[in-house]
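# An overview of the molecular structure
Now for the letters of each chain:
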Amino acid sequence: MKNLPHQNKDLADPPSRNPRPIRNPFEEFKVYSFVKTDIPLDRIVESTEVVMDEIRRGYEKLLEEEAKELVWMVQYNTIIKAYEVAERYVKEIRYSAEDIEDFCFALEDTQRIPYLIPGPAGLYISALSNYAQEAEIVLKLSELKTEINLLGFRLPKGKRLIIEGDTGDFTGIGVEGGELVVEGNAKNWTGAGMRSGKILVKKNIGLHTGEWMMGGEIHVEGRVRGLGNIVEGKVFERDKLVYPGKARYPSLYY
Amino acid sequence: MEAERNGYQKQIKAIYQFISEHLYFNRPDIEVKGEHYNSTILFSILTGLKKGKELIIGEPGLGKTTSAEFVCSLIYQIPLGVIWSSEVSGHPEQTEEKIVGRPDLGKLNRGEEDVVWTNFTQLPAKIVDEINRLPETKQSMILDGVDRGNWEYLNEMIVNEEYSLFATANYQDGGTNTMIAPLVDRFDVMVESRYPGANLAFMVGKGERKDQLLRHPKSERDFFRLLKSKIHYEKKLPKMDEISNGFGEYVHGTLGVKPLRREDRDQIRAEMGDLLMDLDASAFTRMLLAEFSFCERYGQKRSVETCEEGCHYTGYFCHEIKNCASNRLPFSIRQYAQALAWLLQDPEVDIEHVKSVVPYALGHRVQWKEEVLARKERSKRDDPFPIFLAKDAVRAISQRYREQSDHLKDALAAGSRIFQGEELEPLEGDHPLYQEIKKDLEGRRR
């Protein structure tokens, strides 16, 4: 209505040149004080997306550097090197424990992350967990279809990592004083090379458990399928000490 | 609540009270803002006040026709005998001559063409008994009259400026026909005249001849004489009002209840018409209309098209129905919600009025998909199936509205601003109405 004089002039125009204005179907809402509502959830989703993009970029750079052909061999030096690369990127990101969990699920969404290579992925998640601000991190991974390897790598003292679901091979290797809880099963080489700390597996554990472990304790509430060559430390099966002990010998599979 | 201005609401409530206490015994089955009413009487009264069209369904002998007769008699001040004489009964042999009018045989013998109009066409209160016994081809005969109040015979026409239509329908049996969709859609509301329960039914059997209460032989004779007379229809109307006023005074004097004069009805309608819908009522109604008309794939619902598998809007009512809401639906909702708000002396039409009215305006108009009918058929309920389904729909849409009313109103307000030329983006949301807003704005931008 701000151009009323013009409107009068318009009315004099032939109808074909100046058709009558269409009625505003939302007329009555003109009086409604419309403010573009800032829904808190939108803000949370937006900031989460920003963090997730950074985490995803770090993982992609790790793959670019360490798994150029999308093949990654588990060797002592490749693990160390890949972890160092992961550490470098992770240190630059501000994230929370929930973001780590979101990343784990994003790994299975090929539209968000094209390649899931369980080794580097596990090392990257380990680096994220080790550098997270929270002392206790819970990763609810029971819905994941893929078992991720190398989770809990070099878990430092003062950290507690709880994994709901099963884990893959090399779980908790090189643990450095932290506490790793797996609420499902763990596969082979669990706790290999750990120095101190505690690993608790609520269900069963695979072969080579505690291979070359130098200290710390592994507690298994289910069955231990096989122990590795253990240097020092303790392994418990259903509260019963199986290493050191006479009943069980290294590399004896049962 | 607005202060009562002229006592009309009190007068209407007294009529309601009189009917429910002396003429039509039934249980209250609808609650609006803490007040309990019987839906059959309430909607019949609102129909009479709003010049509406009401379909009353129910089992035989449960007061479908008599409830309409009593309401018509008291709202329009017409003696019961006259109302009976004007009723059209639906049966297969019904003819246009019995419904609308016939040639004036005396004049025809003299070579002149003139029409003798039936009482049905001339009176403002119209009752069609057992409308679904009319064959489908004959239902079309009353379409135009029902819709616009235009009654044509030979080359003559009378136009009812004021009229309400009440039609009764039995449930399907051997003698009934399907009501054609255009006719069904013309009814503003559908109510069920229900069994009153064993105790009230016992009272019905015990009572005196309640028909006699609204009879008045002198007024009836005067009415018949006037209706039969050859004077022009428009000239008959003031005379009809005179006789009606006489009957009204008689009823007021003997029964203590005051029927409505023509000027009362006009005044009431004007007051109702002044009541505006508040923003929640408007947004809720739009939301409901969107769900009963929207189709993302085909542009709108059409009874000849079926939903696409995996459609994003599967959770909304557009996915559960076959047909599209007609333009008569919002009109009916607005009219009856206004009437209800007026009766309750509220300053504007709010969402509660709309929610109370919608099941009765929607029930007969929706064609549900077979799988929906099969899924809900055995649900425990008090209402007839179509009204039950409509109430269920209103409940679900109310829930959705509660969740997103602010955002929805924002989206409509943004739509208004964009429509007026502001550079804004339409708001996004997960409901068909947001898509409808965008469509309206696209149409504007083109």
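Please refer to the structure higher up on the page.
Figured I'd write up the structure that's included with this text. Nothing here was measured: the structure is a model prediction, and the numbers come from that model.

Here we come to the overall build of chain B. For chain B, the helix and strand inventory stands at 20 helices and eleven strands. Evaluated residue by residue, chain B yields a buried proportion of 44% over its 446 residues. A separation threshold of at least 6 residues defines the contact pool for chain B, and within that pool the share at least 24 residues apart is 74%.

Within helix α4 (residues 97-106) of chain A the residues assigned to the buried category are Asp99, Ile100, Phe103 and Cys104 of chain A. End-on view of α4 of chain A: buried residues confined to an arc of 145°, all on one side of the axis.

Take the nonpolar core next. With 121 residues, the main nonpolar core has Ile19, Ile45 and Cys72 of chain B as its most contacted residues. Beyond its immediate sequence surroundings of up to four residues, isoleucine 45 of chain B is in contact with Ile12, Ile15, Tyr16, Val71 and Ile75 of chain B. In this structure, Ile55, Cys104, Leu151 and Phe153 of chain A belong to the second largest nonpolar core, which totals 52 residues.

Further remarks concern the pairing of strand β5 (residues 217-220) of chain A. Bridge analysis of strand β4 (residues 196-201) of chain A against β5 of chain A gives four bridges, and the strand direction is parallel. Bridge assignment links leucine 200 of chain A to a residue of β5 of chain A, and that residue is histidine 219 of chain A.

All names here are of chain B. An order of β4-β7-β10-β3-β11 is seen for the five strands of this open sheet, with the pairing classed as parallel. Whereas interior strands pair on both sides, the edge strands pair on one side only; in this sheet they are β4 (88-89) and β11 (189-192). Relative to strand β7 (residues 125-129), β4 is paired through two bridges, and the arrangement is parallel. The residue bridging serine 89 from the neighbouring strand is aspartate 129, located in β7.

Glancing now at the interface of chain A and chain B. In many analyses, interface size is given as the accessible surface area lost on bringing the parts together. Contacts between the two partners involve eleven residues from chain A, matched on the other side by 16 residues from chain B. Residues of the side of chain A that touches chain B, tallied by class, amount to six nonpolar, two polar and three charged.

Rules of the game
Residues numbered from 1 in each chain as written. Chains lettered and ligands numbered in written order. Predicted model: local features only at pLDDT ≥ 70, side-chain atom pairs only at ≥ 80, totals over all residues. Helix = DSSP H or I, 4+ residues; strand = E, 2+ residues; numbered from the N terminus. Buried ≥ 20, exposed ≤ 12 C-beta atoms within 10 Å, placed from the backbone. Contact = placed C-beta atoms within 7 Å. Arc of directions from axis to C-beta. Core = buried A, V, L, I, M, F, W, Y, C linked by C-beta atoms within 7 Å. Pairing = 2+ DSSP bridges. Nonpolar A, V, L, I, M, F, W, Y, C, P; charged D, E, K, R; others polar.

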